[in-house]
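Residue-level structure breakdown
Chain by chain, the residues:
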Amino acid sequence: MTTSIILHHYDASPYAEKIRLMFGLTGTHWQSLLSPVQPPRPNLDPLTGGYRRIPVAQIGADIFCDTALIAQEVAEATGSPQLNPASVSDPAVRALMDKAEKEAFFAAIGAVPPLRLLGTLMRMFGPVGTYRFAKDRTGMLKGGTVRPPQGAQAKAVLESLLTALESRLAEAPWVGGESASIADFAIYHPLWLHVSCNRRPLKAGPKVADWYQRVSQIGHGEREEITQAQAFAAARQAEPRPLPASVATPPISLGTPVAVAPADYGISPVVGTLAAITEDRIVIARNDAGFGPLHVHFPRAGYTLSAR
C-alpha cells in the first residue's frame, strides 16, 4: 500500500477483528487509532459526521464505513481479491457468511449465560462502564430491524452455524477452498466474540476447532499506533481521491443534500452532499471547516439514502 490505512477501532470489537485479520493475512502495515467503545468518539465523529458503528477506515480524506466496504478497500490496496466480498461466488459459502454476520452475530452474545456475560463486561469496563455500555448497545437497536435471539434460541442459532461449518470444512481446509479468504474472517469474528464473552473454549467439532485455531494464529500484520492529531492531519493534508463513475440514473440527483444510515441497527444518519452513487457504493461529501473536503463512503446494501 502506498498510503497507510488508518483503522479507527477498539481491541474488543469483533468487526474490527475481522479487518485486523485481513491485515495479518496480507502482512499489511497499518495505523491503529483506538476509539472509545461507545460515542462520543472525538477521534472519529468529526471525520464521519456521526456514524455510529465501528470500525471505520481512513485513507487521507476518504473515510470508509462498514466492514463490507473496508474489506473491498483492503482487497484493492493489497492486491488480494479473495478479501473482496464480491469475490464470493459459491452460494453455499455466501449463505454461511450471511448466517454468521446476521443471525449468529447477535446469537453469539445471547448464547452466553447472563451472569458470565455480566462478569466479562465487569472485567472489561467496571460497574459504571458496564452500565453505560449496556445502555448504549440497547439504544443502538432502537428504530432498527434487528431482534437479537436469547437463551435457548441463541444457542440453537450458534449450534446450527457450527454444524454447517463443520460440514463445509470437511471438504476443504478453509471455508472458500484451499486458502484463507473473506469467508473465513466473516464467519470467524462472531465466534471470536462468543469465545471472548463466554471466556470458555469454543464447543465445536474437530474441523471447526482446528480451523478456529489456524485463523487465530494469522495475526494482525504490522500495527502502528497513532494519535488523533495524526489522523486529523492526514485528513487535512490530503484531497479526496477521484470519485467513481455514478450509475446512469441515480435515485437522487448528485449534489443533493442527503442522509445515509444503516437500515438494521445503529441508524444514526450521516448528512452530506451526494457526490457519487455506484451499483454498490454511496459517497457523500462533507466540507468541515477543520479539514476541508472529506468523502465518506458507505455500501448501498443495508443502508438507506434519503434527500434532506
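Attention in this report is confined to the structure presented alongside it. Source: prediction; values computed, not measured.

1. Some details on the overall build of the protein
- When its secondary structure is counted, the protein shows nine helices and ten strands.
- In terms of C-alpha radius of gyration, the protein reaches 19 Å, essentially the compact-globule figure of 19 Å for 308 residues.
- Over its C-alpha atoms, taken along the principal directions, the protein stretches across nearly 50 × 45 × 40 Å.
- Residues classed as buried in the protein amount to 50% of the 308 residues present.
- Considering only intrachain contacts with a sequence separation of at least 6, the fraction spanning at least 24 residues in the protein is 70%.

2. A short note on helix H7 (residues 182-198)
- In this model, H7 (17 residues) spans 25 Å end to end at C-alpha, consistent with the 24 Å of a helix rising 1.5 Å per residue.
- With 16 of 17 residues buried, H7 is to be regarded as a mostly interior element.
- Arg199 sits one or two residues past H7 and shows a positive phi near 55°.

3. Some words on the nonpolar core
- Within the largest apolar cluster, 47 residues are counted, with the highest numbers of intra-cluster contacts made by Val175, Leu191 and Trp211.
- Listing elements by their share of this core, those giving two or more residues are helix H1 (14-26), strand E3 (56-59), helix H3 (67-78), helix H4 (91-110), helix H6 (151-169), H7 and helix H8 (206-216).
- Here this core gets nine residues from one element, more than from any other, and that element is H7.
- If we skip the residues at most four places from it in the chain, Val175 touches Val93, Leu96, Leu165, Arg168, Leu169, Ala183, Asp184, Ile187 and Trp211.
- Counting residues in hydrophobic clusters, the runner-up holds 25 residues, among them Tyr51, Val260, Ile284 and Phe291.

4. Digging into the sheet that holds E3
- Pairing within the open sheet is mixed, and its ten strands lie in the order E5-E2-E1-E3-E4-E9-E8-E7-E6-E10. Looking at the sheet topology across the chains shown, the edges are occupied by strand E5 (222-225) and strand E10 (303-307). Averaged over neighbouring strand pairs, the angle between their axes works out to 35° when direction is ignored.
- The sheet contact formed by strand E6 (residues 257-262) and strand E7 (residues 270-277) spans four bridges and is antiparallel. In the sheet register, Ala259 faces E7, and the bridge partner there is Val271.

5. What about the packing of aromatic side chains?
- Enumeration according to the criterion identifies ten aromatic pairs in this entry.
- With a centroid separation of 5.9 Å and 65° between ring planes, the pair formed by Tyr51 and Phe298 is classed as edge-to-face. Here the residue Tyr51 occupies a position in the loop between helix H2 (45-48) and E3, and Phe298 occupies one in strand E9 (residues 292-299), the gap between them amounting to 247 residues.
- Geometrically, the ring pair formed by Phe106 and Tyr265 is edge-to-face, given 5.3 Å between the ring centres and 85° between the ring planes. Taken together, the residues Phe106 in helix H4 and Tyr265 in the loop between E6 and E7 connect sequence positions 159 residues apart.
- Since its relative accessible area comes to 16%, Phe106 is described here as buried.
- Here Tyr265 falls in the buried class, since its relative accessible area comes to 12%.
- One cation-aromatic arrangement involves Arg53 over Tyr265; the distance from NZ or CZ to the ring centre is 4.0 Å.
- The ring centre of Trp174 lies 4.5 Å from the NZ or CZ of Arg214, which sits over that ring.

Calculation rules
Residues numbered from 1 in each chain as written. Predicted model: local features only at pLDDT ≥ 70, side-chain atom pairs only at ≥ 80, totals over all residues. Heavy atoms only, no water. Helix = DSSP H or I, 4+ residues; strand = E, 2+ residues; numbered from the N terminus. Rg over C-alpha atoms; globule rule 2.2 N^0.38 Å. Buried < 20%, exposed > 50% of the residue type's maximum accessible area, 1.4 Å probe, protein only. Contact = heavy atoms within 4.5 Å. Expected span 1.5 Å × (residues − 1). Core = buried A, V, L, I, M, F, W, Y, C linked by side-chain atoms within 4.5 Å. Pairing = 2+ DSSP bridges. Axes fitted to C-alpha atoms, helices over the stretch in contact; angles between N-to-C directions. Phe/Tyr/Trp six-rings, centres within 6.5 Å; stacked < 30°, edge-to-face > 60°. Lys NZ or Arg CZ within 6 Å of the ring centre and 35° of its normal.

By themselves, these figures tell us nothing about what the structure is for.
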